[in-house]
Amino acid sequence: MREYMRDIARAVAFLSRVPVPSSFFEGHDGKLSRVSRAFPVAGLLIALPSALTFSVLLALSADPLMAALLALAVQTILTGALHEDGLSDTADGLGGGKDRERALEIMKDSRIGTYGAAALILSFGLRAAALAAIARHLPPEDAAVAILAAATLSRGAMVWHWYALPSAKPDGIAASAGKPDGDAMQLALIATLGLAILLVGPAMGVPALVGCLLTTSVATFLATRYVRQKVTGHTGDTIGATQQICEIASLCTLAMCI
């Protein structure tokens, strides 16, 4: 358990800009093969300030859409837009690349293109609209649960995508960080399922829970399959894009199920 707690701290450091004491990294080789098992719990912790912001603003009778956008702003600041950057780069690469090599070349370019800009607009717009819709039907504390659930589910999806595909670039960041092994992947998915049940079930009911799990699973599978077809493997960008796609899918599903 102590080592798992250390992995949670390391995962928080990897997935966000939240400062983590250096003592948690003593003796660590920098690989994420085992640390990835803690991604769902780390995602939950990282999303807590955003969920709290959303709940407080709604309790103060703020407009639901404004509260949703401010909550997403808090979340983006805490993560350093890590996953949004992956989404925009992936959209540019897969949308503008005529073949595998060109797609990977575009994804490596730090400049943002039309596909990337459109993906970011849709990401923030859909997530904010979904959260606002949820807020109109649930009490503030229950509506905020949607942020926590989406954060947990989407981080579990990241681990599956990472595990299911080989590295597209042997010299890429994702390749150098290692790859989740079978045990880490299974523990991540178990944690994802357990947290989703605890969060969504009591706040939104069983239909919302089942729908959210199914939609996120399908979104993860389709995103992974598409990336495999286009570039044959994962990159750090496609891992981040998977997180964004699944967060959008889970929030939109919850908004339609309540």
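Above this text is the structure in question.
Anyway, here's the lowdown on the structure attached to this text. This is a predicted model, so every value here is computed, not measured.

About the criteria used
- All residue numbers here refer to positions counted from 1 along the written sequence of the relevant chain.
- Residue-level local features of this predicted model are given only where pLDDT is at least 70; pairs of side-chain atoms are given and counted only at 80 or more, and the full residue set underlies all totals for whole chains, interfaces and linings.
- Note that the side-chain values use all heavy atoms of the structure and ignore hydrogens as well as water.
- Helix and strand assignments come from DSSP, with helices taken as H or I runs of at least 4 residues and strands as E runs of at least 2, each series counted from the N terminus.
- The quantity called the radius of gyration is restricted to C-alpha atoms. Its globule counterpart is 2.2 Å times the number of residues to the power 0.38.
- The buried label applies to any residue whose accessible area, calculated with a 1.4 Å probe on protein chains only, is under 20% of its type's maximum; exposed applies above 50%, and partly exposed to all values in between.
- Pairs of residues are marked as contacts when any of their non-hydrogen atoms sit within 4.5 Å.
- Shrake-Rupley sampling with a 1.4 Å probe provides the accessible areas, and residues are treated as covered by the protein chains on show and by no other component.
- The convention is simple: Lys and Arg are positive, Asp and Glu are negative, and His and the chain ends are not counted.
- A charge is said to be at NZ when it belongs to Lys, at CZ for Arg, at CG for Asp and at CD for Glu.
- In this scheme Phe, Tyr and Trp rings, the latter by its six-membered ring, pair at centre separations within 6.5 Å, and the angle between planes marks the pair as stacked below 30 degrees, edge-to-face above 60, and tilted otherwise.
- Whether a charge sits over a ring depends on NZ of Lys or CZ of Arg being within 6 Å of the ring centre and within 35 degrees of the ring normal.
- To estimate how far a helix should reach, multiply one less than its number of residues by 1.5 Å.

**What to know about the overall build of the chain**
Next, step 1: Counting secondary structure elements, the chain contains 11 helices and zero strands.
Next, step 2: N-terminal to C-terminal, the α/β element order of the chain is α-α-α-α-α-α-α-α-α-α-α.
Next, step 3: Relative to the compact-globule value of 18 Å for 258 residues, the chain shows a C-alpha radius of gyration of 17 Å, a close match.
Next, step 4: In the chain, which comprises 258 residues, the proportion classed as buried is 51%.
Next, step 5: Residue pairs in contact within the chain that sit at least 24 positions apart in sequence constitute 79% of those at least 6 positions apart.
Next, step 6: Summed over all atoms, the accessible surface of the chain reaches about 11,700 Å², with 66% contributed by carbon and sulfur.
Next, step 7: Side chains of the chain give 20 positive and 20 negative charges; the mean places of these two sets differ by 4 Å.

**A few points about the packing of aromatic side chains**
Next, step 1: Inspection of every chain in the model, using the stated rule, returns three aromatic pairs.
Next, step 2: Relative to Trp 162, the ring of Phe 39 lies with its centre 6.1 Å away and its plane at 35°, an arrangement referred to as tilted. One end of the pair, Phe 39, is in helix H2 (residues 39-59); the other, Trp 162, is in helix H7 (residues 140-164), with 123 residues separating them in the sequence.
Next, step 3: When its relative accessible area of 2% is taken as the criterion, Trp 162 is described as buried.
Next, step 4: Aromatic rings pair up to connect Phe 14, Phe 39 and Trp 162 into one cluster.
Next, step 5: Over the ring of Phe 124 we find Arg 127, and its NZ or CZ is 4.8 Å from the ring centre.

**Brief notes about H7**
Next, step 1: Taking 1.5 Å of rise per residue, the 25 residues of H7 would be expected to cover 36 Å, and the 37 Å separating its terminal C-alpha atoms lies within 8% of that figure.
Next, step 2: Among the 25 residues that make up H7, 19 are buried, leaving the element largely enclosed by the rest of the structure.

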